[in-house]
Structure formats: structure tokens, C-alpha cells
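Residue-level structural notes
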Amino acid sequence: MTDQFQLTDDQLAIQEMAQRFTADAITPFAAQWDEDHTFPRETIKAAAELGFGAIYVSEESGGIGLGRLEAALIMEAMSYGCPATSAFISIHNMAAWMIDTFGGDELKARYLPSLVSMDLIASYCLTEPGSGSDAAALKTTARLDGDHYVLNGTKQFISGAGVNDVYVVMVRTGDASAKGISCLVVDKDTPGVSFGAPERKLGWNASPTAQVVFDNAQVPVANRVGAEGDGFRFAMAGLDGGRLNIGACSLGGAQRCLDEAIGYVKDRKQFGKAIAEFQNTQFVLADMATDLEAARALLYLAAAKVSSGAPDKTRFSAMAKKLATDTGSSVVDRALQMFGGYGYLRDYPIERFWRDLRVHRILEGTNEVMRLIVGRDLLK
């Protein structure tokens, strides 16, 4: 962004490219994906042809080496068509970035070419049945046995579980503290790796979710990302960007619903005139647009801070994630209200976005945890 708070020409070109891809490859099909619980693997792979499988993977490793603001623009654009698909691509990008940023040369050479092209698609495994917000309390163990780790435990709410090819997994290799956590790359076909039944969810039906179960699964030491004990630090670094992306997905979904509402109120007539002519309608639309632009401005600022490594980047990413996801849900809810009973029907897209955006206030750290992060940072 420039000093005048305008996107650069390059950023506008990236945004336009993502918007065109969304209009052609995502928006026309998203409702059917949701209805049929279809995982659009071919569409996701097509996104990789534009570089969207390795947005902030370095150019040296085959990625397009963009910053977090550019990534947010891409996620926001794609979520205009389908937040679940956009968020799925974000998760793959987090996993690929983690390998590129913290992995050794041999590990990067083995995995990144196929991750960049999305011939292999990656999941990120941190959450467990007993450790959500308290991520450092994870129980999945990795016991060293010669040149392998033996993994036992369960990961919960894993996007892509059972369909993705590669799993970037946080495991306990040491004591019960955060410093006892390490990061391993696990292949889907590793003996001892299995998957739970697909979760039956309120939304995100185009993105499969299930448990990942490890039962004496042997993973080579060569698949460790970084050193033993560094896993939790990697996880927290990844969450700064993940929070920006999920916030951007809320912005894109909310913008779609605002646009749909504007079109609807111009056509819908009650009491002899279009409901757009009622002052109350105009006031609500004005509030929706204002709230959305405020959330967008904060998220773009936070993205710039994460890209530059600003000392307050974690606080700003938490602030932006909270505001964008709260605002996104609120804007979609108000759009649904404007549609009245029709907004509750699957014939219109609003109810799908209402369902899909609700989970964003839980993912990548709940919004309650975001408030804790901000409050503690302010008081330190």
C-alpha cells in the first residue's frame, strides 16, 4: 500500500486476477458444492496455476513470494464466491509456508514442488479433542525410535483430513511445556495414520473436516521441520497469517452479501415502492458498508505489519481477525434480514454465507482468545 492508503498497481492486478478466477471458476458452482458436500479439488488445483498454492512461499522454492496483504486480497476475492474454498486454500498455504520457512533443504526439495503445484494438498494439524484454545496442552506424542518418530494421538477438526495428501503436524517430543512441541510432515499413506468420519457441520460443506488418528505411525526424523522443541513457535508464527486470511475470508463473504442486498432492495417492493426507498433500509446499508470498510482497513494495516515483521504484528493480527470476523457475521446477518423470508431459503446465497462465516469467529483462535492476546499485549 502507498502512503495514501491506496493499493499499488501490482496489488490491484493481483486482486483483479483473483476476482476473475472467482467469477469464472468458483461463484457459479459454489451453491452446488455446498448442497452436495462436494470437495472441488480440480478447482483448487486450478488456483495453483495462478500461483495461489504458494502465495508466500519464496520464489527460490517455486512460490510467488508475495506478502500478507497480497495474500489477504486473494483470500478476500475468492471468498466472494465461496468462503470454505478460499479458507481451504489458505490452510494449504500455511502448511507450505511453514515447510519453506522453517524446513531444511532436503525436506523442502521433497515436498515443495508438489505443494506449489497443488499436485499434493496439505493440511495443518494443531487442534486436538482436549486442546483447542489451549493449544500448548496438546497430547499427541512422537517418541524417537532410531531414525523414526512413533506417533500416537488424535487431531481434531482438521480441514482436508482423509482427502489431502500431506499433514503438517504438531506433536509432543519433549516435556509438557510449549518447548516440548515439535513439527513433523506426515504423508497420508503412512501406516498407522487413519481418519475419522467426516464431521457433519453447519457450514463449510465444500471443505471436508475430520479427525486425524495416529496409532504407532512411524515418521522419519528427516520429516521434522526445524529443530525439536521449535514446533509451537512455528505454530504461533503461522497463526498471525492464518488469522489475517480468515478475516479476509469474512470480508469477502460479507461484501458479497452486501452487494446481494443492495440489488435485492432495489427490486423488492412493499407498500407501493421499492424497499430501497425507505430511510431505514438506507441507514442499515450505510452501517453495513461503513463497518465493512473499517474492518477492511484494519486488516490491511495488520497484513502490512505482519509482512514487515513489526513488533506489534501479533496484536494487530488478533485485532483485525476479531473485528473482521465479528463484522462479517454481522453484515451477513443484516443482509439476511433485508431479504426477509427469502433470505432463509437456499434459493438465495445469503443463508450459505451466514452458515459459512459463523465458524470464522472460532477458527485460528477464538475471538475471545483474540481479546486476551490484545489485552495482555497492551498491559505488558
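Structural data are supplied above this passage.
Residues numbered from 1 in each chain as written. Predicted model: local features only at pLDDT ≥ 70, side-chain atom pairs only at ≥ 80, totals over all residues. Heavy atoms only, no water.

Moving on, we come to the overall build of the protein chain. The helix and strand tally for the protein chain stands at eleven helices and ten strands. Taking 21 Å as the expected radius of gyration for a compact globule of 380 residues, we find that the protein chain reaches 21 Å, a close match to that expectation. The principal-axis extents of the C-alpha atoms in the protein chain amount to approximately 80 × 45 × 40 Å. Counting all 380 residues of the protein chain, 52% fall into the buried class. If you take every contact in the protein chain between residues at least 6 apart in sequence, the share linking residues at least 24 apart comes to 73%. Surface summary for the protein chain: the accessible area is close to 16400 Å², and the carbon and sulfur share equals 53%. Charge centroids of the protein chain, computed over 37 positive and 47 negative side chains, lie 6 Å from each other. (Helix = DSSP H or I, 4+ residues; strand = E, 2+ residues; numbered from the N terminus. Rg over C-alpha atoms; globule rule 2.2 N^0.38 Å. Buried < 20%, exposed > 50% of the residue type's maximum accessible area, 1.4 Å probe, protein only. Contact = heavy atoms within 4.5 Å. Areas by Shrake-Rupley, 256 points an atom, 1.4 Å probe, with all protein chains shown as cover. Lys, Arg positive; Asp, Glu negative; His and termini not counted. Charge placed at Lys NZ, Arg CZ, Asp CG, Glu CD.)

On to the packing of helix 4 (residues 68-79) against helix 8 (residues 279-308). Each packed pair of helices is defined by two parameters, the angle between the axes and the distance between the axes. The geometry of helix 4 relative to helix 8 is characterised by a closest axis approach of 7 Å and an angle of 140° between their N-to-C directions. Compared by their axis directions, helix 4 and helix 8 come out oblique. Seen from helix 4, the contacting residues are Arg68, Leu69, Ala72, Leu73 and Glu76; seen from helix 8, they are Arg296, Leu299, Tyr300, Ala303, Val306 and Ser307. For the contact of helix 4 with helix 8, the class distribution of residues is seven nonpolar, one polar and three charged. (Axes fitted to C-alpha atoms, helices over the stretch in contact; angles between N-to-C directions. Parallel < 35°, antiparallel > 145°, perpendicular 65-115°, else oblique. Nonpolar A, V, L, I, M, F, W, Y, C, P; charged D, E, K, R; others polar.)

This part takes up helix 8. Compared with the 44 Å implied by 1.5 Å per residue over 30 residues, the 44 Å span of helix 8 between its first and last C-alpha is a close match. Following helix 8 by one or two positions, Gly309 has its phi on the positive side, about 70°. (Expected span 1.5 Å × (residues − 1).)

Counting residues in hydrophobic clusters, the biggest one holds 96 residues, and the most contacted among them are Met78, Met98, Ile99, Leu115, Tyr124, Met170 and Leu299. Broken down by element, the residue count for this core peaks at 14 residues, all from helix 7 (residues 231-267). Non-local contacts of Tyr124, meaning those with residues more than four positions away in its chain, are made with Ile91, Met94, Met98, Ile158, Val168, Met170 and Ala235. Counting residues in hydrophobic clusters, the runner-up holds 17 residues, among them Cys125, Ala161, Val193 and Val212. (Core = buried A, V, L, I, M, F, W, Y, C linked by side-chain atoms within 4.5 Å.)

Further remarks concern the pattern of salt bridges. Pairs can form between side chains of opposite charge whenever their charged atoms are close. What the rule picks out here adds up to 19 salt bridges. For Glu16, the salt bridge is made with Arg20, and the minimal N-O distance between the two is 3.3 Å. Residue Glu16 and its partner Arg20 are both found in helix 1 (residues 9-26); the two are separated by four residues, about one turn of the helix. With relative accessibility at 42%, the residue Glu16 sits in the partly exposed group. We note a salt bridge from Asp312 to Lys305, for which the minimum N-O separation is 3.2 Å. (Salt bridge = Lys/Arg side-chain N within 4 Å of Asp/Glu carboxyl O.)

If you walk through the whole model with that rule in mind, you get zero disulfides. Summary of cysteine pairing: Cys249 is not part of a disulfide, and the nearest cysteine sulfur, belonging to Cys82, is at 9.4 Å. The thiol of Cys257 is unpaired, and the distance to the nearest cysteine sulfur, on Cys82, comes to 12 Å. (Disulfide = S-S within 2.5 Å.)

It is worth spelling out the packing of aromatic side chains at this point. Within this structure, the stated rule accounts for eleven aromatic pairs. With 4.8 Å between their ring centres and 55° between their planes, Phe39 and Phe88 make a pair best called tilted. In this pair, Phe39 is assigned in the loop between helix 2 (30-36) and helix 3 (41-48) and Phe88 in helix 5 (residues 83-102), connecting sequence segments 49 residues apart. The residues Phe39 and Phe88 share a single accessibility class, namely buried. For the ring pair Trp97 and Phe102, a centre distance of 5.5 Å and an interplane angle of 80° mean the geometry is edge-to-face. Aromatic rings pair up to connect Tyr264, Phe339, Tyr342 and Tyr348 into one cluster. When the ring centre of Tyr56 is taken as origin, the NZ or CZ atom of Arg68, which lies over that ring, is 3.7 Å away. Across from the ring centre of Phe278, 4.8 Å away, lies the NZ or CZ of Lys273, which sits over that ring. (Phe/Tyr/Trp six-rings, centres within 6.5 Å; stacked < 30°, edge-to-face > 60°. Lys NZ or Arg CZ within 6 Å of the ring centre and 35° of its normal.)

Of note, His37 is a non-glycine position whose phi angle comes to about 55°, a positive value. Residue position: His37 is located in the loop between helix 2 and helix 3. Positive phi outside glycine occurs at Trp204, with the angle close to 50°. Considering the arrangement of structural elements, one finds Trp204 in the loop between strand 6 (193-195) and strand 7 (209-220). You can call Trp204 buried: its relative accessible area is 6%.

Turning our attention to the pairing of strand 7. One ladder, built from ten bridges, connects strand 3 (residues 148-159) with strand 7; its direction is antiparallel. The partner of Leu151 across the bridge, within strand 7, is Ala217. Two strands pair when backbone bridges link them, and strand 6 and strand 7 are joined in this way by three bridges, in the antiparallel orientation. Bridged to Ser194 within strand 7 is Val213. (Pairing = 2+ DSSP bridges.)

Alternating residues of strand 1 (residues 122-125) divide into Ala122 and Tyr124 and Ser123 and Cys125, and every residue in both groups is buried. Taken together, the four bridges between strand 1 and strand 4 (residues 166-172) define a ladder with parallel strand orientation. In the sheet register, Cys125 faces strand 4, and the bridge partner there is Val169.

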